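What the coordinates show
Listed below are the residues making up each chain.
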Amino acid sequence: MRDVFHDELDEIGAGVAEMIRLVAVAMERGTGALLDADLATAEAVIEADVKVDALRVDLEDRAFQMIARQQPVATDLRVLITTLHLVADLERMGDLALHVAKIARLRFPETAVPDEARDVIAQMGEVALSLVRKVADVVEGRDISLAQAIEAEDDSMDALRRKLFTLVLSPRWSHGTEAAIDMTLLGRYYERYADHAVAVARRTIFIVTGERPVPNAAPPR
C-alpha cells in the first residue's frame, strides 16, 4: 500500500510539473503576442488555458481521493494539502497569462503597448519567465535556497510595475485613457503572476520543512 501511495504521489508531482510548464509557455507566448500584435499566438494562449484548468481539477481529484482512501498523516498529509493550494496558484498564473493574451487580441491589429512602454513590458515578461522557471527547479528539486531567492527577484517585478505607472502618469503620456488602462491592467497581471510564483515557492518550503516562511507581503488574491 505504501508503494502504491508513493507512486500516486509521484504522479501528482508530475502533474504539478506539467502545470508549471504550461503556465510558463502561456506567459512567454502571451507576452510575445502582446508585443508583436500576433493574433494567432494570442488565440492559442487563450485556447490552451482549458488544459491548465483541467489539470488542476484532475490533480485536486487525485489528492482528495488519496486523502480519503489512504488517510495519510504527518508529512504525507502536509504534501497533499499543500499541493491543493499550490495547484490553485498555478491555475491562477495561467489565468493571468490568459488576460495578457486577451489584451493582445482586443487591440489587434494594433500593438497594445506604446513604444515608450515596450521595454518595461518586455522586462516584466522576462522576469515572469525567469520566476516560473525557478519555480520549476524549486518544485522538482525541493531546493529551499532557490525558493528563498525567488522573493528577491519578485522585488524587481514590483519595481518594474512602479516604473510602468510612472510612464502612464507622466504629463508626456500621449496615448489616451484606453492605453493607460491597458498598461495599468498589464502591470497588475504581471505583478500577480510573480506573486503566485512566490506563493508556490513558499508552499514548497512548507512541504519540505514543515515550517511556514514569513512572507514579506500579503499573499496574492
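In what follows, the structure referred to is the one given above.
All figures in this text were calculated on a predicted structure; none of them were measured in a lab. (Residues numbered from 1 in each chain as written. Predicted model: local features only at pLDDT ≥ 70, side-chain atom pairs only at ≥ 80, totals over all residues. Heavy atoms only, no water.)

1. A look at the pattern of salt bridges
Here the structure, examined in full by the defined rule, presents 15 salt bridges. The partner of R62 in a salt bridge is E11, and the shortest N-O contact between them spans 2.9 Å. Taken as a pair, R62 in helix α2 (residues 39-70) and E11 in helix α1 (residues 2-36) lie far apart in primary sequence, 51 residues in all. Linked through salt bridges whose partners overlap, the residues forming this network are E11, D58 and R62. (Salt bridge = Lys/Arg side-chain N within 4 Å of Asp/Glu carboxyl O. Helix = DSSP H or I, 4+ residues; strand = E, 2+ residues; numbered from the N terminus.)

2. What about helix α6 (residues 176-209)?
Here α6 spans 50 Å end to end across 34 residues, near enough to the 50 Å set by a 1.5 Å rise per residue. Burial analysis of α6 places 24 of its 34 residues in the buried class, the great majority of the element. Trailing α6 by a residue or two, G210 shows a phi angle of about 80 degrees, which is positive. (Expected span 1.5 Å × (residues − 1). Buried < 20%, exposed > 50% of the residue type's maximum accessible area, 1.4 Å probe, protein only.)

3. Quick word on the packing of aromatic side chains
According to the stated counting rule, one finds zero aromatic pairs in the structure shown. The ring centre of F206 lies 5.9 Å from the NZ or CZ of R78, which sits over that ring. (Phe/Tyr/Trp six-rings, centres within 6.5 Å; stacked < 30°, edge-to-face > 60°. Lys NZ or Arg CZ within 6 Å of the ring centre and 35° of its normal.)

4. Structural notes on the packing of helix α5 (residues 144-169) against α6
Orientation of α5 relative to α6, taken along the N-to-C sense of each, is 170 degrees, at an axis distance of 9 Å. Compared by their axis directions, α5 and α6 come out roughly antiparallel. Looking at the contact of α5 with α6 residue by residue, the class counts come to 15 nonpolar, five polar and eight charged. (Axes fitted to C-alpha atoms, helices over the stretch in contact; angles between N-to-C directions. Parallel < 35°, antiparallel > 145°, perpendicular 65-115°, else oblique. Nonpolar A, V, L, I, M, F, W, Y, C, P; charged D, E, K, R; others polar.)

5. What about the packing of α2 against helix α3 (residues 74-107)?
Contact geometry for α2 and α3: axes closest at 9 Å, N-to-C directions at 165 degrees. In this view, α2 runs roughly antiparallel relative to α3, as classed from their interaxial angle. Relative to α3, the crossing made by α2 is left-handed. Partitioned by chemical class, the residues of the contact of α2 with α3 number 21 nonpolar, one polar and nine charged. (Left-handed = near helix turned anticlockwise from the far one by under 90°.)

6. Concerning the side chain of E60
Among the structural elements, E60 can be located in helix α2. By relative accessible area, E60 is classed as buried at 18%. A distance of 2.9 Å separates a polar atom in the side chain of E60 from a polar atom in the side chain of R56. Residue contacts for E60: discarding those within four places in its chain leaves L84 and V87. (Polar contact = N/O pair within 3.5 Å; in protein donor to acceptor, adjacent residues only side chain to side chain. Contact = heavy atoms within 4.5 Å.)

7. Digging into the environment of Y193
Of note, Y193 is situated in helix α6. Among residues more than four places away in sequence, those in contact with Y193 are V23, A24, M27, M93, L96, A128 and V132.

8. So, α2
For an α-helix, 3.6 residues make a turn, and residues three or four places apart therefore share a direction. Its 32 residues place the ends of α2 47 Å apart at the C-alpha level, agreeing with the 46 Å of an ideal helix rising 1.5 Å per residue. Taken together, the buried positions of α2 are occupied by T41, A42, V45, I46, D49, V52, L55, L59, E60, A63 and M66. Put simply, D38 is the residue that caps the front of α2, since its side-chain oxygen is 3.3 Å from the backbone nitrogen of A40. Of the residues trailing α2, Q71 is marked for its positive phi of about 45 degrees.

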